[in-house]
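Chains, contacts and geometry: an overview
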Amino acid sequence: MLAAGPRPSDLPGRRQRLDDLTARYDMPEDVVVEPVDANGVKAEWTTTPAADPARVIMFLHGGGYVSGSIKSHRHMIAQAGREAGARTLALGYRLAPEHPFPAALEDALTGYRFLLSQGFLPANIVMAGESAGGGLTIATLVSLREAGMPLPACAWCSSPWTDLAMSGATIQTKAAVDPLIQGPYLHELAAAYLQGGDPRLPMVSPIYADLRGLPPLLIQVGSNETLLDDAIRLAGVAAAADVRTTLQVWPHMIHGWHLYYAQLGDGRRALAEVGAFVRATLRQ
C-alpha cells in the first residue's frame, strides 16, 4: 500500500499524501466528532459511548512537523480514546516551514491550558503523540514542568522522533526494512522545522532534556523503524531520570503502524495496550 503511493517531491503533495493514506478507513458510526477552537489552536474532540467525559487524551499528530493533520490521524486517536475510555482532543498545531520551531510547542502548551480552562483535572489528562508528535509530547511535558504547571497523569509516545540530530544507529541499520522514514527525508524535515537552529536543543530533541519529574510514560515503537533508537534512547534517558517508563518494541512493525489498525492486528493490539496503560494509570 505504501509502495503504491510514493512520497511526492512537493510540500502540498506530501501533505495530501499523508491525509490520503488514512482516508480509506471509515470512522465508526458511534464516534462523535466536534471541531473546537482551543484558545486559537484548531482542534477536534472525538467521543465514543465508552468515554468518561471527565477524562481526555490530548493528541499531537505525526508528520515530521511539516505535514500530518487532525484528519490524517482522526480514526486512530478515536480508537485510542475508545480503548482508554476517554474523550480525545487532537490539536492541529502550526506546521513548518511556514511556522518553524517553537510554533508547534507553543500550540501544544496552549492546547493543554485550554483543557485546564475547560475544567479538566491534570490527574485526568493524558498527553500523547506520534512520531514528531511523540517528541513534541515530551518537550511539552518538560516545558510545563519548567513553568511550574501541574503535569498530566501520564503520556503515550508512538514511534517518537526525539533526536533531530539523527545520531541514532538505526537510522542506518533499519533503512532497508523501514518503508516510510529514511535519513535523507528526516534531514529535510529537521531543516524545515529548525530553520538553522540547533537540533540538540532539549525542546527540539528531548533525549537531550532533563526528564526528572515527568509522569509515567508508555513508549511504543516497531522493530522495523529507522527511529527505533530514538524510542529506546528516550526510554533510557527517562528511566535514568527516575521516570516510570514502559517501553514496548513491537516485532516487525513499521513507523506509525497504529494508523493501519483497521487492517493490522498488531495495530489493534497496540491500541488496546494504550487503553490498558491509561486506565491503569488513571485508576492510581
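As a reminder, the structure under discussion sits directly above these lines.
Remember, predicted model here, so these are calculated numbers, not experimental data. (Residues numbered from 1 in each chain as written. Predicted model: local features only at pLDDT ≥ 70, side-chain atom pairs only at ≥ 80, totals over all residues. Heavy atoms only, no water.)

Observations regarding the overall build of the chain
- Counting secondary structure elements, the chain contains eight helices and eight strands.
- Computed over its C-alpha atoms, the radius of gyration of the chain comes to 17 Å, within 12% of the 19 Å expected for a compact globule of 284 residues.
- Reported as C-alpha extents along the three principal axes, the dimensions of the chain are approximately 45 × 40 × 35 Å.
- Residues classed as buried in the chain amount to 60% of the 284 residues present.
- Considering only intrachain contacts with a sequence separation of at least 6, the fraction spanning at least 24 residues in the chain is 78%.
- For the chain, the accessible area works out to roughly 10900 Å², and carbon and sulfur atoms hold 54% of it. (Helix = DSSP H or I, 4+ residues; strand = E, 2+ residues; numbered from the N terminus. Rg over C-alpha atoms; globule rule 2.2 N^0.38 Å. Buried < 20%, exposed > 50% of the residue type's maximum accessible area, 1.4 Å probe, protein only. Contact = heavy atoms within 4.5 Å. Areas by Shrake-Rupley, 256 points an atom, 1.4 Å probe, with all protein chains shown as cover.)

Some thoughts on the pairing of strand β3 (residues 52-60)
- As judged from the six bridges shared by β3 and strand β4 (residues 86-91), these two strands associate in the parallel manner. Residue pairing across strands places Ile57 opposite Thr88, the latter belonging to β4.
- Taking the sense of rotation as the criterion, the β-α-β connection linking β3, helix α2 (residues 70-84) and β4 turns out right-handed.
- Across five bridges, the pairing between β3 and strand β5 (residues 125-130) is parallel. (Pairing = 2+ DSSP bridges. Right-handed = clockwise from strand over helix to strand, strands pointing away.)

A look at helix α6 (residues 183-194)
- Taking 1.5 Å as the rise per residue, α6 with twelve residues should run 16 Å; its terminal C-alpha atoms sit 16 Å apart, in good agreement.
- Taken together, the buried residues of α6 touch α1 (11-23), α3 (103-117) and α5 (170-173).
- Directly beyond the C-terminal end of α6, a positive phi value near 50° is found at Gln195. (Expected span 1.5 Å × (residues − 1).)

Comments concerning the packing of aromatic side chains
- One pass over the full model with this rule turns up seven aromatic pairs.
- Aromatic pair Tyr65 and Trp161: ring centres 6.1 Å apart, planes at 40°, arrangement tilted. Taken together, the positions of Tyr65 in the loop between β3 and α2 and Trp161 in the loop between β6 (154-158) and α5 put the pair 96 residues apart, joining distant regions of the chain. Exposure class is identical for Tyr65 and Trp161. Each is buried.
- With centroids separated by 6.0 Å and ring planes inclined at 45°, the aromatic side chains of Trp250 and Trp257 adopt a geometry described as tilted.
- By relative accessible area, which is 12% here, Trp250 ends up buried. (Phe/Tyr/Trp six-rings, centres within 6.5 Å; stacked < 30°, edge-to-face > 60°.)

Comments concerning the side chain of Asn124
- By the secondary structure assignment, Asn124 is in the loop between α3 and β5.
- Discounting residues that sit within four places of it in the chain, Asn124 has contacts with Ala54, Arg55, Val56 and Leu282.

As for the packing of α2 against helix α8 (residues 265-283)
- Packing of α2 against α8 leaves a shortest axis separation of 7 Å and a crossing angle of 45°. It follows from the interaxial angle that α2 and α8 lie oblique. Where α2 crosses over α8, the two elements pack in a sense that is right-handed. Residue-level contacts link Met76, Gln79, Ala80, Arg82, Glu83 and Ala84 of α2 to Leu271, Ala272, Gly275, Val278 and Arg279 of α8.
- Tallied by class, residues from the contact of α2 with α8 come to six nonpolar, two polar and three charged. (Axes fitted to C-alpha atoms, helices over the stretch in contact; angles between N-to-C directions. Parallel < 35°, antiparallel > 145°, perpendicular 65-115°, else oblique. Left-handed = near helix turned anticlockwise from the far one by under 90°. Nonpolar A, V, L, I, M, F, W, Y, C, P; charged D, E, K, R; others polar.)

Notes on the state of the cysteines
- Counted under the stated rule, the structure contains zero disulfides.
- Cys154 takes part in no disulfide bond, and the closest cysteine sulfur to it belongs to Cys157, at a distance of 10 Å. (Disulfide = S-S within 2.5 Å.)

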